[in-house]
Amino acid sequence: MAAINWGYAINKPRVIDIDSNNLRKSDEILREMPELQTCIGCGGCTATCTAGNLTDFNFRKLHTLVRRGEYQGVYEQMNKCMLCGKCRLVCPRGINTRAVVMLIKRKLGDF
């Protein structure tokens, strides 16, 4: 009997298993910059980002990956940041995003 094509496929969900991720670097970053815990994920930083308009850089996505302990490729992406400071100007929580970029680069440079 042939398989019936219903017009859709069931994909495996992307499950985030934070328990198996190495959160050591993420914890170090949060210890040095506890203000990151106030981030509400509004996306203002990404919307105003000059580097994001010119490349595939997405500060909010990279920050989320670091918080999850998924560091693969984050350091290289952070090098695309121009450190212009527009993201800091629009952040409703007043997070020093420039310092965040520098801290993440410093912590993940040897990863």
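The name given to the protein in an unreviewed UniProt entry is 4Fe-4S binding domain protein, with the source organism recorded as Alistipes putredinis DSM 17216.

Chemist: I tried to follow a nonpolar patch on the surface on my own but got confused; where do I start?
Modeler: Together, Ile4, Trp6, Tyr8 and Ile10 line one region of the surface with nonpolar side chains, adding up to about 610 Å² of accessible area. Position of Tyr8 among the secondary structure elements: in the segment before helix H1 (24-32). The exposure class of Tyr8 is exposed, given its relative accessible area of 61%.

Chemist: Looking at this structure, how should I read the nonpolar core?
Modeler: Grouped burial of nonpolar side chains is what soluble globular proteins tend to show. Among the nonpolar cores identified, the biggest contains 24 residues, and Phe57, Val74, Met78 and Ile104 are the most heavily contacted of them. Within the residue set of this core, elements represented by two or more residues are H1, helix H4 (59-68), helix H5 (74-78) and helix H7 (97-108). A total of 5 residues in this core trace back to one element, the largest contributor, which is H7. Not counting residues up to four positions away in its chain, the partners in contact with Val74 are Leu62, Leu65, Val66, Ile104 and Leu108.

Chemist: Before we go on, may I ask you to explain the pattern of salt bridges in this structure?
Modeler: Should the charged atoms of two oppositely charged side chains come close, the side chains can pair. As enumerated under the stated definition, the model contains 5 salt bridges in all. A salt bridge links Lys107 to Glu32; the nearest nitrogen and oxygen atoms lie 2.7 Å apart. Here Lys107, found in helix H7, pairs with Glu32, found in helix H1; they are 75 residues apart in sequence, far enough to count as distant. For Lys107, a relative accessible area of 16% gives the class buried. Note on Glu32: relative accessible area 44%, which makes it partly exposed. When the shortest N-O distance is used, the salt bridge between Lys80 and Asp56 registers 2.4 Å. Linking Lys80 in the loop between H5 and helix H6 (86-90) with Asp56 in the loop between helix H3 (50-54) and H4, this pair joins segments that are 24 residues apart in sequence. Residue Asp56 is classed as exposed on the basis of its relative accessible area of 54%.

Chemist: Even after reading the chapter, I still don't get H7, so can you show me in this structure?
Modeler: Owing to its 3.6 residues per turn, the α-helix brings residues three or four apart onto one side. The end-to-end C-alpha distance of H7, which contains 12 residues, comes to 16 Å, matching closely the 16 Å that a straight helix rising 1.5 Å per residue would cover. Turning to H7, its buried residues number three or more, namely Thr97, Val100, Val101, Leu103, Ile104, Lys107 and Leu108. Buried residues along H7 cover an arc of 165 degrees about the axis, so they all sit on one side. Those residues of H7 hidden inside the fold are in contact with H1, H4, H5 and H6.

Chemist: Explanation requested: the side chain of Thr97 in the structure shown.
Modeler: Checked against the element boundaries, Thr97 lands in helix H7. Overall, the relative accessible area of 3% leaves Thr97 in the buried class. Contact partners of Thr97, with chain neighbours within four places excluded, come to Phe59, Cys87 and Arg88.

Cut-offs and rules
Residues numbered from 1 in each chain as written. Predicted model: local features only at pLDDT ≥ 70, side-chain atom pairs only at ≥ 80, totals over all residues. Heavy atoms only, no water. Patch = residues over 30% accessible without salt bridge, like charges linked within 9 Å, V, L, I, M, F, W, Y side chains within 5 Å. Areas by Shrake-Rupley, 256 points an atom, 1.4 Å probe, with all protein chains shown as cover. Salt bridge = Lys/Arg side-chain N within 4 Å of Asp/Glu carboxyl O. Helix = DSSP H or I, 4+ residues; strand = E, 2+ residues; numbered from the N terminus. Buried < 20%, exposed > 50% of the residue type's maximum accessible area, 1.4 Å probe, protein only. Core = buried A, V, L, I, M, F, W, Y, C linked by side-chain atoms within 4.5 Å. Contact = heavy atoms within 4.5 Å. Expected span 1.5 Å × (residues − 1). Arc of directions from axis to C-beta.

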